[in-house]
Amino acid sequence: MNKLLILLLASSTLTLSAHASVIREVERNNNFNQAQNLEDFFSNDYKRRVENSGVSDWEWVSIKGRGNGTYDYYVFEAFAGQDYIFDIDRGMSKRRSVNTELGLWALEGVLLHEQDDCYSDNGGELDCSRTWLSSDKGSNHIFDPMFSWTFETSGLFVVGVGKFYTYADEDGFGFDQDGQATQQGERYKLNVSRSLPFATQSIDIPEPASLAIFALGLIGIGAARSKQRRRR
């Protein structure tokens, strides 16, 4: 079995569910290899303050994170053309405020996006306006980052949570220079919303049996052509 699949299965058994799609951060999720699995916890139920919850063809999961001096990483699967929204809620609150940063990577270590504050659409220009902030149901401060992303390729990806000021590169947060992680007592909520894969996929993947039959057919055609050449 693929090592990455083993990691995903192992982390999924450790994740504690407090609601249909509200889960707790599970340590240790301090690097890409230990990233907490979000698959199997997405729901299309309605939950107040979660972007696009209750919207047709969308689903979401919400993670309650607690600081302990380490960066937090979460792994999930995405398909080409699929839309995601990553949103920090209640990082900046009256109690235990934390100025979070978000990072997005392909699991192979390719940094796709890093964001400290405000909102951006697919990694574009930041919107820090009152209009955006009032539309973000779970935040009351521009220091809670949110961004949308449309994936160009299919695969496994990682979203990470750090603390201002830190730096992201291909290995995650805080490498090659000093960075900060959330500290003991600091809390945040990370909401991940996504469009359903079937709403964006246009290519049907054949079943294994169909692929086998197709391959045998090609072998048969090749053998017939070889016989014709020998006869000539």
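Cut-offs applied
- Residues numbered from 1 in each chain as written.
- Predicted model: local features only at pLDDT ≥ 70, side-chain atom pairs only at ≥ 80, totals over all residues.
- Heavy atoms only, no water.
- Pairing = 2+ DSSP bridges.
- Helix = DSSP H or I, 4+ residues; strand = E, 2+ residues; numbered from the N terminus.
- Axes fitted to C-alpha atoms, helices over the stretch in contact; angles between N-to-C directions.
- pLDDT = per-residue confidence, 0-100.
- Contact = heavy atoms within 4.5 Å.
- Patch = residues over 30% accessible without salt bridge, like charges linked within 9 Å, V, L, I, M, F, W, Y side chains within 5 Å.
- Areas by Shrake-Rupley, 256 points an atom, 1.4 Å probe, with all protein chains shown as cover.
- Salt bridge = Lys/Arg side-chain N within 4 Å of Asp/Glu carboxyl O.
- Lys, Arg positive; Asp, Glu negative; His and termini not counted.
- Charge placed at Lys NZ, Arg CZ, Asp CG, Glu CD.
- Disulfide = S-S within 2.5 Å.
- Buried < 20%, exposed > 50% of the residue type's maximum accessible area, 1.4 Å probe, protein only.

### A few points about the sheet that holds strand S8 (residues 119-121)
- Taken in spatial order, the six strands line up as S1-S3-S13-S5-S9-S8 in an open sheet, and their pairing is mixed. Each edge of the open sheet carries a strand with a single partner, namely strand S1 (22-24) and S8. If you compare each strand with its neighbour and ignore which way they point, the axes differ by 20° on average.
- Direction of pairing for strand S5 (residues 83-89) relative to strand S13 (residues 187-195): antiparallel, over a ladder of six bridges. Bridging across to S13, Tyr-84 finds its partner in Arg-194.

### What to know about the confidence of the model for the chain
- The share of residues in the chain with pLDDT of 70 or more is 74%, and the mean pLDDT across the chain is 81.
- Confidence drops under a pLDDT of 50 for residues 5-19, and excluding neighbours within four residues, the segment shows 25 contacts in the predicted structure.
- A low-confidence stretch, residues 221-232 (pLDDT under 50), is modelled with zero contacts involving residues beyond four sequence positions or located in other chains.

### Quick notes on the side chain of Ser-21
- If you trace the backbone, Ser-21 turns up in the loop between helix H1 (3-14) and S1.
- Residues contacting Ser-21, with those up to four places away along its chain left out, are Phe-41, Phe-42, Ser-43, Trp-60, Val-61 and Ser-62.

### Quick word on a positive patch on the surface
- On the surface, Arg-24, Arg-48, Lys-64, Arg-66, Arg-90, Arg-95, Arg-96 and Arg-187 cluster together into a positively charged patch.
- You can see Lys-64 is positioned in strand S3 (residues 58-66).

### Brief notes about the state of the cysteines
- Scanning the model with the defined rule gives one disulfide in all.
- One disulfide bridge connects Cys-118 with Cys-128, the sulfur atoms lying 1.8 Å from each other. Linking Cys-118 and Cys-128, the disulfide has an S-S dihedral of approximately 100° and is accordingly described as right-handed. With a gap of ten residues between them, Cys-118 in the loop between strand S7 (110-115) and S8 and Cys-128 in the loop between S8 and helix H2 (130-135) connect regions that are remote in the sequence.
- Among the residues examined, Cys-128 registers a relative accessible area of 39% and is labelled partly exposed.

### Regarding the pattern of salt bridges
- Going through the model one piece at a time under the given rule, you end up with three salt bridges.
- Its salt-bridge partner being Glu-39, residue Arg-194 comes within 2.9 Å of it at the nearest N-O pair. Pair noted here: Arg-194 is in strand S13 and Glu-39 is in the loop between strand S2 (36-37) and S3, with a separation of 155 residues, a long-range link. Pair check on accessibility: Arg-194 and Glu-39 agree, each one buried.
- We note a salt bridge from Arg-194 to Glu-59, for which the minimum N-O separation is 2.7 Å. Of this pair, Arg-194 sits in strand S13 while Glu-59 sits in strand S3, and the two are 135 residues apart along the sequence. Glu-59 carries the same exposure label as Arg-194, and that label is buried.

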